[in-house]
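Given next are the chains, with one letter for each unit.
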Amino acid sequence: MIDWGLAIKTAIGGFGLVFGILMLLWVSVELTRVVTEKIAGNKK
Amino acid sequence: MLLGLLETGFPLFYWGNALMIVIGLGFIYLAIAKKMEPLLLVPIGFGMILVNLPLGGMMDYEMTLKAPQAGIVMEVPMHEGDAFEKGGVIYKLDTGEVTAPVFGRVDSLKVSQGQSVEKGQPLASLITMEQTNQAEVPTHPVGLFSRIFKFGVMWQILPPLMFLCLGALTDFGPMLANPKTMLLGAAAQFGVYLAFFLALIVGFSMTEAASIGIIGGAEGPTTIYVTSLLAPHIIGATAVACYSYMALVPIILPPVIRLLTTKEERGIYMKPSLRKVSKLEKILFPLITTIVVILIVPSSAPLIGCFMVGNLFNECGVTERLNKTAQTTFIDIITIFLTLAIGASMPAQIFLQSRTLLILILGVISFASAAAAGVILAKIMNLFLKEKINPMIGAAGVSAVPMSARVVQVMGQKENKQNFLLMHAMGPNVAGAIGAAIAGGVFLGILG
């Protein structure tokens, strides 16, 4: 017997989590860029 | 005279074995003649052939059949060396029948007619090629490939190590230069969840459906890793579906892209030059990703951790020997073990079932819908972006690194000779690999 409630939670939660984590990584990449550019700028 | 002493494989050879050998030969033909993923299809095809030659013993597991209840042996329908189906009667006791929990053949019979047996007493030693749930039907490997499969695949060693090597080969530069393309890699994971739902609808269990869904992540090691933990009995079908469709990306993706885009959209020009990503950014990315992803989804640690440490070998500049080994010798060794073992996990008795066909159909739906989701999100993003992106790069979110990015490059060139989309497509491509590993980790975290 399929637990459809769990299936829906798994699918929606899982897809949302994948999206959320990659968005978080996007933000972290942008932050890293800003910080590293600042460090490079200070060195110059 | 010699034939009387020698036990040949002919008595146990049946049409299913012949068909599987033809399929194995087909894989080898595609690899050699059509140059389709030869490093994968040659060993997988050869493994399929080997395991379908009866008595070769390459994928054999031994198990002890025990008496489920006490009784007196009334009849022994099987003889040593006889083949039996799953559920076949091995002994008839006065208190009931003793049936085989797997398909296979009788290695040795330990009690004979008229003997009384106690509950739990060993009755026979059986040989099978089936991947069993070890808690219910314990087996131990006695063949070369079954040992590799058990200790390499089922112990979840080879797939993460393969991911480590892929990490060493991956350049995150294009994705870091244009990080919004990460969203396209995320969108492509839609295929995973659509196939998961469809698999449930057609009658697969939750764990089987998750293993089928993850095919859409288009990452062989992720698919094998997730299936080995959730549904090891279908690992041959999911692995073959994943690797076959990765090889068939040039056939699967173009119709989906054409269906969802206009000629003008496919011709959208993207500047070939991307921002130069600093070495520090490239070093920090695998470290940050490891910490962020594993804190949120701990069960993705073996995949994400190995992927990122491999990438760090490549980017840090002080582990050149490790990097070179991971990119060359080590990945070759892992590929040989993994692909031969996967090929050998497909004896006819397991592979030739209607469920396998369903898995293959769901796999192609998963790939196609993943590409479609990537393209659709790219079109939605274009509604808000000043500098439009070519929506075809969304289809490269179907990981299959770097095949799908190459397909986008070729299609882009057909529409506009000035357009070089490869680097732009590599962003969603490698983001798709990360997304698939996270999706796999989520399945394991919830269902494992």
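In this text the structure is predicted, and so the values were computed from the model without any measurement.

**Thoughts on the overall build of chain A**
Okay, so step 1: A count of helices and strands for chain A gives one helix and zero strands.
Okay, so step 2: Counting only C-alpha atoms, chain A reaches 65 × 10 × 5 Å along its principal axes.
Okay, so step 3: A total of 44 residues make up chain A; the buried ones form 27% of that total.
Okay, so step 4: Accessible surface, chain A as shown: approximately 2900 Å² in total, 71% of it carbon and sulfur.

**What to know about the overall build of chain B**
Okay, so step 1: Scanning chain B for helices and strands turns up 21 helices and nine strands.
Okay, so step 2: For 448 residues, the compact-globule estimate of 2.2 N^0.38 gives 22 Å, and chain B sits close to it at 25 Å.
Okay, so step 3: Along the longest, intermediate and shortest principal axes, the C-alpha atoms of chain B span 85 × 45 × 40 Å.
Okay, so step 4: Classification of the 448 residues of chain B by burial places 56% in the buried group.

**What about a nonpolar patch on the surface?**
Okay, so step 1: Residues W4, I8 and I12 of chain A together with I201 and V202 of chain B make up a contiguous nonpolar surface patch of roughly 490 Å² in combined accessible area.
Okay, so step 2: Within the secondary structure, I201 of chain B sits in helix α8 (residues 190–201).
Okay, so step 3: Overall, I201 of chain B belongs to the exposed group, its relative accessible area being 59%.

**Looking at the pairing of strand β8 (residues 122–128) of chain B**
Residue and element names in this part refer to chain B.
Okay, so step 1: The buried fraction of β8 amounts to six of the seven residues, a majority that puts the element mostly inside the structure.
Okay, so step 2: As judged from the six bridges shared by strand β1 (residues 61–66) and β8, these two strands associate in the antiparallel manner. Looking across to β8, one finds that T64 is bridged to S125.
Okay, so step 3: Where strand β6 (residues 104–109) lies against β8, four bridges are found, and the strand directions are antiparallel. Following the sheet pairing, L109 is matched in β8 by A124.

**Overview of the pairing of β1 of chain B**
All names here are of chain B.
Okay, so step 1: Covered by surrounding structure in β1 are Y61, M63 and L65 only, the residues E62, T64 and K66 on the alternate face being uncovered.
Okay, so step 2: Two elements, β1 and strand β9 (residues 140–141), share two bridges in a ladder whose sense is antiparallel. Across the sheet, the residue bridging to Y61 is P141, located in β9.

**Here we look at the packing of helix α5 (residues 158–169) of chain B against helix α17 (residues 329–344) of chain B**
All names here are of chain B.
Okay, so step 1: Across the interface, α5 lies against α17 with an axial gap of 9 Å and an inter-helix angle of 145 degrees. α17 is crossed by α5, and the crossing has left-handed handedness. Counting all contacts with α5, which are made through L158, P159, L161, M162, C165, L166 and L169, the residues of α17 involved are F330, I331, I334, T335, F337 and L338.
Okay, so step 2: When its residues are assigned to classes, the contact of α5 with α17 shows 12 nonpolar, one polar and no charged.

**Remarks on the side chain of H424 of chain B**
Residue and element names in this part refer to chain B.
Okay, so step 1: Its place among the elements puts H424 in helix α21 (residues 422–447).
Okay, so step 2: Classification of H424 by relative accessible area gives buried; the value is 6%.
Okay, so step 3: A distance of 2.6 Å separates the side chain of H424 from the backbone oxygen of K271, its partner in a polar contact.
Okay, so step 4: With near-sequence residues (within four places) excluded, H424 lies in contact with T181, M270, K271, P272, L274 and I393.

**Describing the domain arrangement of chain B**
How big an interface is tends to be stated in terms of accessible area lost as the parts join.
Okay, so step 1: Each assigned domain of chain B is listed here: domain 1 (2–51), domain 2 (61–128) and domain 3 (144–447).
Okay, so step 2: If you average the C-alpha positions of domain 1 of chain B and of domain 2 of chain B, the two centres end up 31 Å apart.

**Observations regarding the interface of chain A and chain B**
Okay, so step 1: Listed per partner, the contact involves 27 residues of chain A and 40 residues of chain B.
Okay, so step 2: At the junction of chain A with chain B, the criterion picks out one residue pair in polar contact (both at pLDDT 80 or more).
Okay, so step 3: Broken down by class, the residue content of the side of chain A that touches chain B amounts to 18 nonpolar, five polar and four charged.

Parameters and conventions
Residues numbered from 1 in each chain as written. Chains lettered and ligands numbered in written order. Predicted model: local features only at pLDDT ≥ 70, side-chain atom pairs only at ≥ 80, totals over all residues. Heavy atoms only, no water. Helix = DSSP H or I, 4+ residues; strand = E, 2+ residues; numbered from the N terminus. Buried < 20%, exposed > 50% of the residue type's maximum accessible area, 1.4 Å probe, protein only. Areas by Shrake-Rupley, 256 points an atom, 1.4 Å probe, with all protein chains shown as cover. Rg over C-alpha atoms; globule rule 2.2 N^0.38 Å. Patch = residues over 30% accessible without salt bridge, like charges linked within 9 Å, V, L, I, M, F, W, Y side chains within 5 Å. Salt bridge = Lys/Arg side-chain N within 4 Å of Asp/Glu carboxyl O. Pairing = 2+ DSSP bridges. Axes fitted to C-alpha atoms, helices over the stretch in contact; angles between N-to-C directions. Left-handed = near helix turned anticlockwise from the far one by under 90°. Contact = heavy atoms within 4.5 Å. Nonpolar A, V, L, I, M, F, W, Y, C, P; charged D, E, K, R; others polar. Polar contact = N/O pair within 3.5 Å; in protein donor to acceptor, adjacent residues only side chain to side chain. Domains from an automatic or database assignment.

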